[in-house]
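# Summary of the model geometry
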Amino acid sequence: KQEVTQIPAALSVPEGENLVLNCSFTDSAIYNLQWFRQDPGKGLTSLLLIQSSQREQTSGRLNASLDKSSGRSTLYIAASQPGDSATYLCAVWETSGSRLTFGEGTQLTVNP
Amino acid sequence: DAGVIQSPRHEVTEMGQEVTLRCKPISGHNSLFWYRQTMMRGLELLIYFNNNVPIDDSGMPEDRFSAKMPNASFSTLKIQPSEPRDSAVYFCASRIGRGGTGELFFGEGSRLTVL
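Residues numbered from 1 in each chain as written. Chains lettered and ligands numbered in written order. Predicted model: local features only at pLDDT ≥ 70, side-chain atom pairs only at ≥ 80, totals over all residues. Heavy atoms only, no water.

Moving on: the side chain of Arg64 of chain B. Looking at where Arg64 of chain B falls in the secondary structure, it is placed in the loop between strand S6 (53-56) and strand S7 (65-71). Within the structure, Arg64 of chain B has its side chain in polar contact with the side chain of Asp86 of chain B (distance 2.7 Å). (Helix = DSSP H or I, 4+ residues; strand = E, 2+ residues; numbered from the N terminus. Polar contact = N/O pair within 3.5 Å; in protein donor to acceptor, adjacent residues only side chain to side chain.)

Now the structure itself:
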């Protein structure tokens, strides 16, 4: 059974700092990996989707990398802003394509 | 693009009552998912439809839960009878394609409280 772990569970940084969120998964036979953001009381917003054949994806200040062989992904946020404060969730699609397994998330606080 | 639309956003009901949650996926998306989120268990997949057909319902907790997708633009999740332990946020999500090739988009969720 696929298990997804996110470290750290919570992170507090000053505004402007570059930061890295980590995600690991136990079964490397994944179809792709998706990073989401969730604000309190809101739904999940898709940030980046990395296909299994890709190594990284970039969107603005966000960069996500994927190393399937080691079962790891990182989300890099450059020049963090208070508006980046949210919970960030990593999720992996299993090869069947029907099951998306989520990590428990990293709660990020960016202090002005 | 309106995104995935869910209703109601909030529902408070008493134990034993029937609850129906509704979802309109993004137009053109042919896969639809129902998830449940709680503090204790995180996000759990309840059921997955592809082209309106249920593909994986192994996450449906018990017979009190049922889901339908009568057409490509509408799905319901029904709980009958509801119990306090069903209190959670229920999310609907949709994407294009089968096989994990498409990005998954979530609705804002329906927050259910069963007293």
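A few words now on the interface of chain A and chain B. With 19 residues of chain A at the contact, the number on the chain B side is 21 residues. Summed over both partners, the interface of chain A with chain B comes to about 1,700 Å²; 51% of that surface belongs to carbon and sulfur atoms. Applying the counting criterion to the chain A and chain B interface returns zero salt bridges. Put simply, chain A and chain B have three residue pairs in polar contact (both at pLDDT 80 or more) between them. Elements with a minimum of two residues in the side of chain A that touches chain B: strand S4 (30-38), strand S5 (44-51) and strand S10 (100-102) of chain A. It is S4 of chain A that contributes the most residues to the side of chain A that touches chain B, five residues altogether. (Contact = heavy atoms within 4.5 Å. Buried area = accessible area lost by both parts, 1.4 Å probe. Salt bridge = Lys/Arg side-chain N within 4 Å of Asp/Glu carboxyl O.)

All names here are of chain B. For Ser75, the location among the structural elements is in strand S8 (residues 74-79). Here Ser75 falls in the buried class, since its relative accessible area comes to 0%. Within the structure, Ser75 has its side chain in polar contact with the side chain of Trp34 (distance 2.9 Å). Separated by 2.8 Å, the side chain of Ser75 and the backbone oxygen of Lys68 make a polar contact. Residue contacts for Ser75: discarding those within four places in its chain leaves Leu21, Arg22, Cys23, Leu32, Trp34, Phe49, Lys68 and Met69. (Buried < 20%, exposed > 50% of the residue type's maximum accessible area, 1.4 Å probe, protein only.)

A separate point is the packing of aromatic side chains. Going through the model one piece at a time under the given rule, you end up with nine aromatic pairs over all chains. Between Phe36 of chain A and Phe102 of chain A, the aromatic rings sit 5.6 Å apart at their centres with planes inclined by 40°, giving tilted as the arrangement. You can see Phe36 of chain A sitting in strand S4 and its partner Phe102 of chain A sitting in strand S10, a full 66 residues away along the chain. Just as Phe36 of chain A is buried, Phe102 of chain A falls in that class too. Ring geometry for Phe102 of chain A against Phe106 of chain B: centres 6.1 Å apart, planes inclined by 75°, an arrangement best described as edge-to-face. (Phe/Tyr/Trp six-rings, centres within 6.5 Å; stacked < 30°, edge-to-face > 60°.)

It is worth spelling out the nonpolar core at this point. Of all hydrophobic cores here, the largest spans 23 residues; its most connected members are Phe25, Leu33, Trp35, Leu75, Ile77, Tyr88 and Leu108 of chain A. Within the residue set of this core, elements represented by two or more residues are strand S3 (19-25), S4, S5, strand S7 (62-67), strand S8 (72-77), strand S9 (86-94) and strand S11 (106-111) of chain A. Setting aside its immediate chain neighbours within four residues, Tyr88 of chain A contacts Gln6, Leu21, Phe36, Arg37, Leu47, Leu75, Ile77, Gly105, Thr106 and Leu108 of chain A. Residues Cys23, Ile26, Met60 and Leu112 of chain B belong to the second largest nonpolar core, which totals 21 residues. (Core = buried A, V, L, I, M, F, W, Y, C linked by side-chain atoms within 4.5 Å.)

Attention shifts here to the pattern of salt bridges. Residue and element names in this part refer to chain B. This structure, assessed with the given rule, holds ten salt bridges over all chains. Residue Arg36 pairs with Glu44 through a salt bridge whose shortest N-O separation is 3.4 Å. On the accessibility criterion, Glu44 (15% relative accessible area) is buried. The shortest N-O distance in the salt bridge between Glu44 and Arg41 comes to 2.7 Å. Among the charged side chains, a network of salt bridges with common partners joins Glu62, Arg64, Glu83, Arg85 and Asp86.

The next subject is the environment of Asn51 of chain B. Tracing the chain through its elements places Asn51 of chain B in the loop between strand S5 (42-50) and S6. Placed 22 residues apart in sequence, Asn51 of chain B and His29 of chain B show a C-alpha to C-alpha distance of 8.8 Å.

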